[in-house]
Amino acid sequence: MLKTYIMEKYSRNQQIIDGELDNHQVMMHIEKGKYFGLNPVGKRIWGLIEEPKGFSEIIQCLLSEFDATEEQCSREVQDFLDKAIASDIITMHDELDSFFHTNQFLYF
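Let me begin by describing the structure that accompanies this report. Remember, it's a predicted structure, so these values are computed and weren't measured experimentally.

Here we come to the overall build of the chain. When helices and strands are counted, the chain shows 4 helices and 6 strands. The N-to-C order of helical and strand elements in the chain reads β-β-β-β-α-β-α-α-β-α. Considering only intrachain contacts with a sequence separation of at least 6, the fraction spanning at least 24 residues in the chain is 51%. For the chain, the accessible surface area stands at approximately 7500 Å², while carbon and sulfur atoms represent 54% of it.

On the secondary structure map, lysine 9 appears in strand S1 (residues 8-12). Within the local environment of lysine 9, its side chain forms a polar contact with the side chain of glutamate 57, the two groups lying 3.0 Å apart.

Attention now goes to the layout of surface pockets. If a probe the size of a water molecule is rolled over the atoms, the empty space left behind becomes visible. The computed volume of the largest pocket comes to approximately 390 Å³. Lining of the largest pocket is provided by 22 residues; of these, Asn39, Val41, Gly42, Glu76 and Phe80 occupy positions nearest its centre. Those elements that place two or more of their residues in the lining of the largest pocket are strand S4 (34-38), helix H1 (40-48), helix H2 (55-65) and helix H3 (70-86). Class assignment for the residues of the lining of the largest pocket results in 13 nonpolar, 5 polar and 4 charged.

This part covers H3. With 17 residues, H3 ought to run about 24 Å at 1.5 Å a step, and its terminal C-alpha atoms sit 24 Å apart, in line with that. What H3 keeps buried is the set Cys73, Ser74, Val77, Gln78, Phe80, Leu81 and Ala84. Each buried residue of H3 lies within a common arc of 165° when the element is viewed along its axis, so the set occupies one face. Exposed side of H3, more than 90 degrees from the buried face: Glu71, Lys83 and Ala86 are the residues found there. Buried residues belonging to H3 abut S1, S4, H1, H2 and strand S6 (90-94).

Let's shift gears to the sheet that holds strand S2 (residues 16-21). Read from one edge of the open sheet, 3 strands run S2-S3-S4, paired in antiparallel fashion. Either end of the sheet is taken by a strand with one partner, and the two such strands are S2 and S4. For this sheet, the mean inter-axis angle between neighbouring strands, taken without regard to orientation, is 20°. Bridge count between strand S3 (residues 24-29) and S4: 5 bridges; the pairing is antiparallel. Note that in S4 the partner of methionine 27 across the bridge is phenylalanine 36. Across the sheet, H1 lies against S2, S3 and S4, angled at about 65° from S3, the strand it touches most.

Rules used throughout
Residues numbered from 1 in each chain as written. Predicted model: local features only at pLDDT ≥ 70, side-chain atom pairs only at ≥ 80, totals over all residues. Heavy atoms only, no water. Helix = DSSP H or I, 4+ residues; strand = E, 2+ residues; numbered from the N terminus. Contact = heavy atoms within 4.5 Å. Areas by Shrake-Rupley, 256 points an atom, 1.4 Å probe, with all protein chains shown as cover. Polar contact = N/O pair within 3.5 Å; in protein donor to acceptor, adjacent residues only side chain to side chain. 1 Å grid on protein atoms, 1.4 Å probe; cavity = no way out; pocket = protein on both sides within 12 Å on 5 of 7 lines; lining within 4 Å. Points joined across faces, edges and corners; volume = space filled by probe spheres on them. Nonpolar A, V, L, I, M, F, W, Y, C, P; charged D, E, K, R; others polar. Expected span 1.5 Å × (residues − 1). Buried < 20%, exposed > 50% of the residue type's maximum accessible area, 1.4 Å probe, protein only. Arc of directions from axis to C-beta. Pairing = 2+ DSSP bridges. Axes fitted to C-alpha atoms, helices over the stretch in contact; angles between N-to-C directions.

Structure, rendered in structure tokens:
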């Protein structure tokens, strides 16, 4: 079962330095001193979330580029995001949080 909600956005953790090596993305978490490697699909997701993206935005882009069903793509992207969040290379934030932090409201 997918755990993603419509208002969530995913983005890169700014504590990660990265580069490309033989069509794979290699990265290091500066604070934790841990190294990671991404396969070509993980590398593409990493590229997509240079700017925050929602789950459905990621899925739609990957479906246009890779030969996969929507169900398979959704399941694999969710698995990747879960692992990447647990490893602290990707951050997840609520779009409403960003909205309320960047806008001022007058309350009557």
